[in-house]
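Understanding the architecture of this molecule
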Amino acid sequence: MLKRIQDLETEIDAIVINNGAEAESFRLAYLSKKGKVSLLFDEFKSLPSEEKRTVGQVLNLLKRKAEEKWSAAQESNDSNQESDYDASLLQQIPQGSLHPLKVVEDELVSIFSKLGFDLAEGPEIEDDHHNFGALNFADDHPARDMQDTFFIAEHVLRTHTSSVQVREMERGQPPFRLVMPGRVYRNEAVSARSNCFFHQIEGLYVDEGVSFTDLKQTLYYFVQQFFGEGTQIRFRSSYFPFTEPSAEMDIWAGLDTEENRRLTKGTGWLEVLGCGMVHPNVLESCGLDSKKFSGFAFGMGIDRLTMLKYGISDIRDFFSGDVRMLQQFGGL
Ligand code: PHE
């Protein structure tokens, strides 16, 4: 038997494996269940035990040698494949680009950061307390209605980014000077102008002695930066449970074009955001002394601003998944 093992070793030594197919036939011929090495192991089992010791050692060496030859062949085969790899093909992969909503969000965050506003974010799945309760919504406020709000068991999908104001104020004491962008959800009929989810950016400034004048000046600065120097604004009084007084801010879009007349419904003014002085009840719910501190808040829709800025007429285009949309914003 020792002689046959030696012969087989010589046979294996002589074999040259050139490619993957040859490696596989080598494995089948020698290492598989019916291969020559395995057959010798079958014979080995019936040897008398005195012989087993020496033969066993030699046979194991042969097996290891055959296995090493096979795996070395496989490795060199892999590296051959690597050398076929054409790195220049990488250059043909199209580059991605930022989504227009992200481009505008980044721009908004950067404008407010020049005024000292930091960035904060909060969860999209909220509890009633952060989305409504702490924001001074009465228990029977219609916004809590099934028609506006998506519910998930005891939770809600946040209907506005004002929930992040609450989370931030609960964390500590003023000053707070923050912008808070994010996705919000409302159970609305989907159309070119409204979607069941969209994006807002919230602003909050709370400290001692913050006034409505500070709010106006902050928003005026923002409008000049975002819409261009000389853009006029106006404030109309409004109502939100969490601000008092509350206002909506419009920008002057003009009546020069058919498009402007349509967008502004013939008024020339375009509504851009809601804002107001943080309601004392909200400050108190968040553990702040409303006698000592005051603040302002504002919230605006990023999708709408993006549509205005880039002349996009259908909000659903943002989520159509059509790369031609993204290609206009820098992708290849
Ligand atoms: N949360 C309000 C909305 O979604 C916007 C708003 C934010 C109004 C902050 C006032 C202050 O419509």
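All of these numbers come straight from a predicted model, not from anything done at the bench. (Residues numbered from 1 in each chain as written. Predicted model: local features only at pLDDT ≥ 70, side-chain atom pairs only at ≥ 80, totals over all residues. Heavy atoms only, no water.)

**Describing the site of the ligand**
Neighbouring the ligand are 14 residues; His160, Ser162, Arg186, Gln200 and Glu202 lie closest to it. In this structure, a nitrogen atom belonging to the ligand sits 3.0 Å away from a side-chain N or O atom of Ser162. With respect to the ligand, the side chain of Gln200 contributes an N or O atom lying 3.0 Å from an oxygen atom. Protein chains bury 89% of the 330 Å² of accessible surface belonging to the ligand in isolation. (Near = heavy atom within 4 Å. Polar contact = N/O pair within 3.5 Å; in protein donor to acceptor, adjacent residues only side chain to side chain. Areas by Shrake-Rupley, 256 points an atom, 1.4 Å probe, with all protein chains shown as cover.)

**With respect to the side chain of Thr149**
Residue position: Thr149 is located in the loop between helix H6 (128-131) and strand S3 (151-152). Overall, the relative accessible area of 2% leaves Thr149 in the buried class. Other than its neighbours up to four places away in sequence, Thr149 contacts Phe132, Ala143, Arg144, Val156, Leu157, Thr159 and Asn187. (Helix = DSSP H or I, 4+ residues; strand = E, 2+ residues; numbered from the N terminus. Buried < 20%, exposed > 50% of the residue type's maximum accessible area, 1.4 Å probe, protein only. Contact = heavy atoms within 4.5 Å.)

**A closer look at the environment of Arg324**
Within the fold, Arg324 resides in helix H12 (residues 323-327). You can call Arg324 exposed: its relative accessible area is 57%. There is a polar contact of 2.7 Å between the side chain of Arg324 and the side chain of Asp322.

**Comments concerning the pattern of salt bridges**
Evaluated as defined, the whole model comprises 22 salt bridges. Note that Glu43 is salt-bridged to Arg4, the shortest N-O span being 2.5 Å. Taken as a pair, Glu43 in helix H3 (residues 36-45) and Arg4 in helix H1 (residues 2-14) lie far apart in primary sequence, 39 residues in all. On the accessibility criterion, Glu43 (34% relative accessible area) is partly exposed. Ionic pairing is found between Arg234 and Asp250, a salt bridge with its closest N-O pair at 2.8 Å. In this pair, Arg234 is assigned in strand S7 (residues 233-240) and Asp250 in strand S8 (residues 243-252), connecting sequence segments 16 residues apart. For Arg234, a relative accessible area of 30% puts it in the partly exposed group. Here the residues in one salt-bridge network are Arg234, Arg236, Glu248 and Asp250, joined through shared partners. (Salt bridge = Lys/Arg side-chain N within 4 Å of Asp/Glu carboxyl O.)

**Considerations on the nonpolar core**
Among the nonpolar cores identified, the biggest contains 36 residues, and Leu108, Phe222, Met249, Leu273, Phe296, Phe298 and Met300 are the most heavily contacted of them. Those elements giving two or more residues to this core turn out to be helix H5 (100-113), strand S6 (197-207), helix H8 (212-227), S8, strand S9 (269-278), strand S10 (294-301) and helix H11 (302-310). In terms of residues, this core owes the most to one element, H5, which gives six residues. Once you skip the residues sitting within four places of it in the chain, Met300 turns out to touch Phe112, His199, Gln200, Ile201, Phe222, Val272, Leu273 and Leu305. (Core = buried A, V, L, I, M, F, W, Y, C linked by side-chain atoms within 4.5 Å.)

**A few points about the packing of H1 against H3**
Two elements in contact, H1 and H3, have axes whose closest approach is 11 Å; the angle formed by their N-to-C orientations is 170 degrees. Our classification of the angle between H1 and H3 gives roughly antiparallel. In this structure, H1 contributes Arg4, Ile5, Leu8, Glu11 and Ile12 to the contact, and H3 contributes Lys36, Val37, Leu40 and Glu43. Here the contact of H1 with H3 is built from residues that sort into five nonpolar, no polar and four charged. (Axes fitted to C-alpha atoms, helices over the stretch in contact; angles between N-to-C directions. Parallel < 35°, antiparallel > 145°, perpendicular 65-115°, else oblique. Nonpolar A, V, L, I, M, F, W, Y, C, P; charged D, E, K, R; others polar.)

**Observations concerning the packing of aromatic side chains**
Scanning the entire structure with this criterion turns up 19 aromatic pairs. For the ring pair Phe318 and Phe319, a centre distance of 6.4 Å and an interplane angle of 70 degrees mean the geometry is edge-to-face. On the accessibility criterion, Phe319 (33% relative accessible area) is partly exposed. Among the aromatic residues, those joined into a ring-pair cluster are Phe112, Phe117, Tyr205, Phe222, Phe226, Phe227, Phe296 and Phe298. If you follow Lys309 out to its NZ or CZ, it ends over the ring of Phe226, 4.2 Å from the centre. (Phe/Tyr/Trp six-rings, centres within 6.5 Å; stacked < 30°, edge-to-face > 60°. Lys NZ or Arg CZ within 6 Å of the ring centre and 35° of its normal.)

**Things to note about the pairing of S8**
Where a strand is regular, its side chains alternate between the two sheet faces. Among the 10 residues of S8, seven are classified as buried, and the element is accordingly described as predominantly covered. Examined bridge by bridge, S7 and S8 share seven bridges and lie antiparallel to one another. Note that in S8 the partner of Phe240 across the bridge is Thr243. Joining the antiparallel neighbours S7 and S8 is a turn of two residues. Pairing of S8 with S9, which is carried by eight bridges, proceeds in the antiparallel orientation. Looking at the pairing, Ile251 lines up with Leu270 of S9. (Pairing = 2+ DSSP bridges.)

Functional significance is not addressed by these values, which are geometric in nature.
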